[in-house]
Amino acid sequence: MPQKFDVLILGAGAAGLMCSAEAGKRGRRVAILERAERPGKKILISGGGRCNFTNIYSQPDNFISANEHFAKSALARYTPSDFVALVEKHHIPYHEKILGQLFCDRSASDITGMLESECRLAGVRIFLNSGIRETLRASEFVVRTEHAEFQAPALVVATGGLSIPKMGATSLGYDLARQFGLKIQQTKPALTPLALESGDRARYCDLAGVSAEVVVSAGSHSFRENMLITHRGLSGPAILQISSYWEKGNSIRIDLAPDRDLTRPIRDARVRNMAAARTAFQRLLSKRFATRWLDLHAPSDWSNQALAELERQAHEWTITPAGTEGYEKAEVTVGGVDTDELSSKTMESRKVPGLFFIGEVIDVTGHLGGHNFQWAWASAHAAAKAL
Ligand SMILES: Cc1cc2nc3c(=O)[nH]c(=O)nc-3n(C[C@H](O)[C@H](O)[C@H](O)COP(=O)(O)OP(=O)(O)OC[C@H]3O[C@@H](n4cnc5c(N)ncnc54)[C@H](O)[C@@H]3O)c2cc1C
């Protein structure tokens, strides 16, 4: 016998838990079906275990989508302050790290605990270890897992993106979208380190661990944050951010000393030589990187023109990465269910009434810094109001 509910939600991640709690509070009988053995596994590893659960400055500009307007309505109706109010209601201690990023003081399990408790209070049933076998639409939606069959007039797909397959990410959300005739925007790993091609790797990667504040650009997009050299390439917040915009085959540009004049002390020195150049560069860059950079970019002479060229190169380091580190290392997936297919107010499919998509499975991807969770909360909230 199928178990009957008002709403079936696939995936007990950030969006699924938030949506079920909100729909449950509105009196809906809600079941979440989750393939893992516990809810919110990605929340638990997020933000280095402290969960960067929102960003107080989050706004539509912080999101990437084929339709830049789609996210606006949901983001405006459930703001970072709304989520902070929930966190405070549960007496969860938190702090701002940098740039409006809010983290738990203790552990990300405070956030999963809060969401689970909201679900419990709202009477939501969570079925764990429930991988989805089959989903179809008869008079209502029917979902079959290995052990049971569920039925409801509304189905919410909250199965997330493809990043970190080890944590249980699957393509189910995209497969279901296709099954019901909805278009998908091409997916790719995002917020991921970039691998360098072998020549650059040989030139720089023995400096793994060296970091610098840089401005990194791809096309018209730029981020000013830290960059870190790794054993295979480049990482750190600046690189993760730009990876979301980078396309294979294209180059990225790195300003190694934003707003700084590296060569002025060389121009002013009594003797212009490599020793003066090293001293000048080491004032603004780490010693090892400064030395390596000058070895690889030694000026042809010490004329003003040659120094201007040395200055230009350091503000415009142009490299073509070999690739990203893939879904294994990506924090999110760019692309997903085409927003043209969904109502921006409710996240409901325009073609299939009763079918909703929320969270990362949609073609809306946040910048690093708490924006992805804010989208999960806001899109979940928008759907819950319509369930
Ligand atoms: C290492 C890491 C750190 C991150 N840190 C942050 C951060 O600090 N701040 C931030 O804003 N964002 C962060 N993110 C991104 C953020 O975790 C996601 O954007 C967010 O979790 C998306 O929420 P979601 O509910 O859409 O998907 P998820 O939270 O991924 O939830 C999807 C759920 O669906 C389940 N599922 C998948 N397939 C099936 C299936 N076939 N059957 C049943 N269930 C299924 C999964 O097991 C999972 O529980 C991080 C991501 C990673 C990987």
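Rules of the game
- Residues numbered from 1 in each chain as written.
- Predicted model: local features only at pLDDT ≥ 70, side-chain atom pairs only at ≥ 80, totals over all residues.
- Heavy atoms only, no water.
- Helix = DSSP H or I, 4+ residues; strand = E, 2+ residues; numbered from the N terminus.
- Buried < 20%, exposed > 50% of the residue type's maximum accessible area, 1.4 Å probe, protein only.
- Contact = heavy atoms within 4.5 Å.
- Pairing = 2+ DSSP bridges.
- Axes fitted to C-alpha atoms, helices over the stretch in contact; angles between N-to-C directions.
- Near = heavy atom within 4 Å.
- Polar contact = N/O pair within 3.5 Å; in protein donor to acceptor, adjacent residues only side chain to side chain.
- Areas by Shrake-Rupley, 256 points an atom, 1.4 Å probe, with all protein chains shown as cover.
- Parallel < 35°, antiparallel > 145°, perpendicular 65-115°, else oblique.
- Nonpolar A, V, L, I, M, F, W, Y, C, P; charged D, E, K, R; others polar.
- Salt bridge = Lys/Arg side-chain N within 4 Å of Asp/Glu carboxyl O.
- Phe/Tyr/Trp six-rings, centres within 6.5 Å; stacked < 30°, edge-to-face > 60°.
- Lys NZ or Arg CZ within 6 Å of the ring centre and 35° of its normal.

Asks: I'd like a description of the overall build of the chain, backed by residues and values.
Replies: Secondary structure assignment for the chain yields 13 helices and 23 strands. The dimensions of the chain, computed from C-alpha atoms along their principal axes, are 85 × 40 × 35 Å. Every one of the 387 residues in the chain was classed for burial, and the buried ones make up 55%. If you take every contact in the chain between residues at least 6 apart in sequence, the share linking residues at least 24 apart comes to 71%.

Asks: Quick one: what's the story with the sheet that holds strand β12 (residues 154-157), residue by residue and with numbers?
Replies: Ordered by their spatial adjacency, 5 strands build an open sheet running β8-β3-β2-β12-β22, and the pairing between neighbours is parallel. Strands at the two margins of the open sheet, each flanked by one partner only, are β8 (125-127) and β22 (355-357). Strand-to-strand twist across the sheet, computed as the mean angle between neighbouring axes with direction ignored, equals 20°. Across 4 bridges, strand β2 (residues 7-10) lies against β12 in parallel orientation. By the bridge assignment, leucine 8 is partnered in β12 with leucine 155.

Asks: Talk me through the sheet that holds strand β17 (residues 233-235); I want residue IDs and the actual numbers.
Replies: If you trace the 7 strands from one edge of the open sheet to the other, you get β19-β18-β15-β16-β17-β14-β20, paired in antiparallel fashion. Because the sheet does not close on itself, it has two edges, and the strands there are β19 (317-319) and β20 (323-324). Where strand β16 (residues 221-229) lies against β17, 2 bridges are found, and the strand directions are antiparallel. Paired with leucine 228 across the two strands is serine 235, which belongs to β17. The strands that helix α12 (residues 304-315) touches are β18 (252-255) and β19; relative to β18, the one it contacts most, it runs at about 115°.

Asks: Talk me through the site of the ligand; I want residue IDs and the actual numbers.
Replies: The full set close to the ligand counts 31 residues, and Ala15, Glu34, Thr170, Glu360 and Phe373 are the nearest of them. In the model, an oxygen atom of the ligand is placed 2.6 Å from a nitrogen or oxygen of the glutamate 34 side chain. Phenylalanine 373 places a polar main-chain atom, nitrogen or oxygen, 2.8 Å from an oxygen atom of the ligand. Notes on the ligand: free accessible area 1,000 Å², of which the protein chains cover 92%. Of all elements in the fold, only α1 (14-25), α2 (41-45) and α13 (371-386) reach the threshold of two or more residues within the shell around the ligand.

Asks: Summarise the packing of helix α4 (residues 80-89) against helix α5 (residues 109-121); cite the residues concerned and give the values.
Replies: Close contact between α4 and α5 brings their axes to 10 Å; oriented N to C, the two are set at 90°. With respect to α5, the axis of α4 lies roughly perpendicular. Between α4 and α5, the contacting residues are Phe83, Leu86, Val87 and Lys89 on the first element and Ile111, Met114 and Glu118 on the second. Split into classes, the residues belonging to the contact of α4 with α5 amount to 5 nonpolar, no polar and 2 charged.

Asks: An account of the pattern of salt bridges is requested, with residue identities and associated values reported.
Replies: Within the structure shown, the criterion is met by 22 salt bridges. One salt bridge in this structure joins arginine 178 and aspartate 175, with 3.7 Å as the shortest N-O distance. With arginine 178 and aspartate 175 both in helix α6 (residues 172-179) and 3 residues apart, this pair spans about one turn of that helix. Looking at aspartate 175, the relative accessible area reads 37%, which means it is partly exposed.

Asks: How would you sum up the packing of aromatic side chains? Please name residues and give values.
Replies: Counting across every chain of the model gives 15 aromatic pairs. Geometrically, the ring pair formed by phenylalanine 5 and phenylalanine 150 is tilted, given 6.4 Å between the ring centres and 35° between the ring planes. Taken as a pair, phenylalanine 5 in the loop between β1 (3-4) and β2 and phenylalanine 150 in strand β11 (residues 149-152) lie far apart in primary sequence, 145 residues in all. By relative accessible area, which is 1% here, phenylalanine 150 ends up buried. Each member of the aromatic cluster is reached from another via a ring pair, and the members are Phe53, Phe83, Tyr94, Phe373 and Trp377. The ring of phenylalanine 103 carries the charged tip of lysine 97 above its face, separated from the ring centre by 4.8 Å.

Asks: Go over the pairing of strand β7 (residues 101-104) with me, naming the residues and quoting the values.
Replies: Both faces of β7 are covered, namely the face carrying Gln101 and Phe103 and the face carrying Leu102 and Cys104. Judged from the 3 bridges that link them, strand β4 (residues 52-55) and β7 form a sheet pairing that is antiparallel. The residue bridging threonine 54 from the neighbouring strand is leucine 102, located in β7. In this sheet, β7 lies alongside strand β6 (residues 94-96) in antiparallel orientation, the contact comprising 3 bridges. Pairing of glutamate 96 across the sheet is with leucine 102, part of β7. Remark: 4 residues form the turn of the hairpin made by β6 and β7, two consecutive strands paired antiparallel; leucine 99 in that turn has positive phi of roughly 50°.

This is a description of form; function is not addressed.
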